[in-house]
There are 2 protein chains.
Amino acid sequence: MSRPSTPRLSPEIIGDAGLALSRAGEPFGVNAIARHLGVRSSSLYNHVDGMDGIVELMRVRLLATYRVDLPRERWEEYVLAMLRAQRQAYADHPSLVPLLVGKTMTSPTVVEAYDDLATVLADGGFLEEEILSIIAVLDAFAIGFGLDLAAPDDIWQPNEETRTLRRLLESGERGRARADHTFELGVSVLMDSLRARLTNT
Amino acid sequence: MSRPSTPRLSPEIIGDAGLALSRAGEPFGVNAIARHLGVRSSSLYNHVDGMDGIVELMRVRLLATYRVDLPRERWEEYVLAMLRAQRQAYADHPSLVPLLVGKTMTSPTVVEAYDDLATVLADGGFLEEEILSIIAVLDAFAIGFGLDLAAPDDIWQPNEETRTLRRLLESGERGRARADHTFELGVSVLMDSLRARLTNT
């Protein structure tokens, strides 16, 4: 018998399986992924060293899908595209977010993506000592708005009288329209402020 | 024998138990909470209708701790205090965040807190049709920066050369100082923009 031409397990396969489970709102630990792939948990440990390793594989695969690959001459265009892509990535995998945030990033491809962003901002003229903070603000922003996009159609369901909230809800948008409107407001806030920091330097 | 003077189970006790488990980084589902409280899972179901109900109880108890109770005349002071409190609440319970975000808010005390905020913004002179978006931006902001505060001391550990990132990391702040600096930058961005919206109306 010949060996199968494609391996049943690889870092990519494991990362993708974790993402598929996360998207489906299911647990994505070692055992769940092994079950999903029809292999033993022990086989997984040949490729990955527990949950931290799985999270990093998922981050790498997430990036493979949502990575922004744009000419880097114009920081505004680059940052905007990145925010939109990351927002969607987090919205598609809300339960993964705390794990992604809780773990130091070590994979070369992940580091490279952030190095791209740091370089774009440096080339764009931002003060070097502000760039890491700006990146953290962009990340926090994408995470917050990604989770907002993952919110249910109705954020509140007030059953009692209110002074203001019920009135606003009656005329307000719901669902995707609401989330998109909010994101655009947030983006304009952020980009205005980044432009202002650039003008002041 | 007399009945115990304090009940072993109440919505408050269940919500607080869930929060304690979440703060410890442990699972906080029905079974975990029952085990933590030394009761049967079936007893819990006399007080709460599954995981959605538990999440809402946890939200109510979270609010009891982190609720901002300030004079509401000055929206800036109110919004700032609320952002700081919420950021800390989310940082203390990162794994709870996707669940909090994923569920419609129904509890009167939760609705009341958001109604306070909506009223503060309306009284502060913001356009009524923008207030729900502003609240969503504030929420997204607090969540993103709360999770940033929950991040490890080192966000990246690049093992290979980079064009920009490693250089910035060598001179950059770490840990709480980094997170606080980032939050202050984010807050100034946000508050500047809110003030500008007010001036333009």
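What counts, and at which threshold
- Residues numbered from 1 in each chain as written.
- Chains lettered and ligands numbered in written order.
- Predicted model: local features only at pLDDT ≥ 70, side-chain atom pairs only at ≥ 80, totals over all residues.
- Heavy atoms only, no water.
- Helix = DSSP H or I, 4+ residues; strand = E, 2+ residues; numbered from the N terminus.
- Buried < 20%, exposed > 50% of the residue type's maximum accessible area, 1.4 Å probe, protein only.
- Contact = heavy atoms within 4.5 Å.
- Areas by Shrake-Rupley, 256 points an atom, 1.4 Å probe, with all protein chains shown as cover.
- Lys, Arg positive; Asp, Glu negative; His and termini not counted.
- Charge placed at Lys NZ, Arg CZ, Asp CG, Glu CD.
- Salt bridge = Lys/Arg side-chain N within 4 Å of Asp/Glu carboxyl O.
- Buried area = accessible area lost by both parts, 1.4 Å probe.
- Polar contact = N/O pair within 3.5 Å; in protein donor to acceptor, adjacent residues only side chain to side chain.
- Nonpolar A, V, L, I, M, F, W, Y, C, P; charged D, E, K, R; others polar.
- Core = buried A, V, L, I, M, F, W, Y, C linked by side-chain atoms within 4.5 Å.
- Expected span 1.5 Å × (residues − 1).
- Least-squares fit on C-alpha atoms with pLDDT ≥ 70 in both.
- Domains from an automatic or database assignment.
- Phe/Tyr/Trp six-rings, centres within 6.5 Å; stacked < 30°, edge-to-face > 60°.
- Lys NZ or Arg CZ within 6 Å of the ring centre and 35° of its normal.

Peer 1: Would you explain the overall build of chain A in this entry?
Peer 2: Along chain A, the regular secondary structure elements total 10 helices and zero strands. Along the three orthogonal principal directions, the C-alpha set of chain A runs to about 70 × 50 × 25 Å. Burial statistics for chain A: of 201 residues in total, 50% are counted as buried. When contacts within chain A are restricted to residue pairs at least 6 apart in sequence, long-range pairs at least 24 apart make up 69% of them. For chain A, the accessible surface area stands at approximately 9600 Å², while carbon and sulfur atoms represent 50% of it. Across chain A, the centroid of the 21 positively charged side chains sits 6 Å from that of the 29 negatively charged ones.

Peer 1: Would you take a moment to explain the pattern of salt bridges for this structure?
Peer 2: Side chains that differ in charge, positive against negative, can pair when their charged atoms come close. One pass over the structure, following the stated rule, counts 34 salt bridges over all chains. Counted as one network, the salt bridges with shared partners bring together A:Arg67, A:Asp115, A:Asp116 and B:Arg163.

Peer 1: Looking at this model, I keep getting lost on the interface of chain B and chain A. Mind explaining?
Peer 2: The parts lose accessible area when they come together, and the size of an interface is often stated as this lost area. In this assembly, 60 residues from chain B lie in contact with 60 residues from chain A. Considering only the surface of chain B that becomes buried against chain A, B:Leu132, B:Trp156 and B:Arg163 emerge as the three largest contributors, covering 13% of it. Linking chain B with chain A are six salt bridges. The partner of B:Arg163 in a salt bridge is A:Asp116, and the shortest N-O contact between them spans 2.3 Å. Our count for the contact surface shared by chain B and chain A stands at 18 residue pairs in polar contact (both at pLDDT 80 or more). Put simply, the parts of the chain that give the side of chain B that touches chain A at least two residues each are helix 6 (97–101), helix 7 (108–123), helix 8 (128–149), helix 9 (165–171) and helix 10 (175–200) of chain B. It is helix 8 of chain B that provides the largest number of residues to the side of chain B that touches chain A, a total of 14 residues. A class-by-class count of the residues in the side of chain B that touches chain A yields 31 nonpolar, 17 polar and 12 charged.

Peer 1: Can you help me understand the nonpolar core in this one?
Peer 2: Considering soluble globular proteins, one finds that nonpolar side chains tend to be buried as a cluster. If you look at the biggest cluster of nonpolar residues, it comprises 130 residues, and the most contacted ones within it are A:Leu83, A:Leu138, B:Leu83 and B:Leu138. With residues up to four places along the chain from it excluded, the contact list for A:Leu83 reads A:Leu138, A:Phe141, A:Ala142, A:Phe183 and A:Leu190.

Peer 1: Got a minute to help me understand helix 4 (residues 50–66) of chain B in this structure?
Peer 2: Side chains of residues three or four places apart in an α-helix project in the same direction, reflecting 3.6 residues per turn. All names here are of chain B. For helix 4, with 17 residues, the first-to-last C-alpha span of 24 Å sits near the 24 Å given by 1.5 Å per residue. Residues of helix 4 that are buried: Gly 50, Ile 54, Val 55, Glu 56, Leu 57, Met 58, Arg 59, Leu 62 and Tyr 66. The inward-facing, buried residues of helix 4 abut helix 1 (11–23), helix 2 (30–37), helix 5 (75–92), helix 6 and helix 7.

Peer 1: Where do I start with the relation of the copies chain B and chain A in this structure?
Peer 2: The relation between the two chain copies is a rotation about an axis coupled with a shift along that axis. Here chain B sits on chain A after a turn of 180° about the axis and a move of 0.0 Å along it, with an RMSD of 0.0 Å. The superposition operator between the copies reduces to a two-fold rotation axis. In terms of C-alpha distance to the rotation axis, chain B has B:Gly144 as its closest residue, with the C-alpha 2.2 Å off the axis. The share of interface residues of chain B whose copies in chain A are also at the interface is 100%, consistent with both copies meeting through the same surface.

Peer 1: I'm lost on the environment of A:Arg40 in this one. Help?
Peer 2: Residue and element names in this part refer to chain A. Relative to the assigned elements, Arg 40 resides in the loop between helix 2 (30–37) and helix 3 (41–44). According to the relative accessible area criterion, Arg 40 is exposed, its value standing at 66%. Along the backbone, Arg 40 and Glu 76 are 36 residues apart, and their C-alpha atoms lie at a distance of 47 Å.

Peer 1: Would you take a moment to explain the domain arrangement of chain A for this structure?
Peer 2: Residues and elements named next belong to chain A. What the domain assignment reports for chain A is domain 1 (1–66) and domain 2 (70–200). Relative placement of domain 1 and domain 2: their C-alpha centres are 27 Å apart. Each side of the interface is counted separately: domain 1 has 14 residues, and domain 2 has 17 residues. Of the roughly 1500 Å² buried between domain 1 and domain 2 on both sides combined, carbon and sulfur atoms contribute 68%.

Peer 1: So what exactly am I meant to see when it comes to the packing of aromatic side chains here?
Peer 2: For any two aromatic rings, the description comes down to two numbers: the centre-to-centre distance and the angle of the planes. All names here are of chain A. Counted according to the given criterion, the structure contains 10 aromatic pairs over all chains. For the pair Phe 145 and Phe 183, a centre-to-centre distance of 5.9 Å together with 70° between the ring planes defines the contact as edge-to-face. Of this pair, Phe 145 sits in helix 8 (residues 128–149) while Phe 183 sits in helix 10 (residues 175–200), and the two are 38 residues apart along the sequence. Summarising the burial analysis for this pair, Phe 145 and Phe 183 share the class buried. One aromatic cluster in this structure is built from Phe 141, Phe 145 and Phe 183. When the ring centre of Phe 183 is taken as reference, the NZ or CZ atom of Arg 87 above it lies at 4.3 Å.

Peer 1: Can you walk me through the side chain of B:Arg59 in this structure?
Peer 2: Residues and elements named next belong to chain B. Relative to the elements of secondary structure, Arg 59 occurs in helix 4. For Arg 59, the side chain forms a polar contact with the main-chain oxygen of Lys 103, separated by 3.0 Å. Once residues within four sequence positions are removed from consideration, Arg 59 is found in contact with Leu 100, Lys 103, Thr 104, Met 105 and Val 110.

Peer 1: Honestly, helix 2 of chain B in this entry has me stumped. Any pointers?
Peer 2: All names here are of chain B. Residues of helix 2 that are buried include every one of Val 30, Ala 32, Ile 33 and Ala 34, and no others. Summarising the contacts, the buried residues of helix 2 are in contact with helix 1, helix 3 (41–44) and helix 4. One or two positions beyond helix 2, positive phi appears at Gly 38, with a value near 70°.

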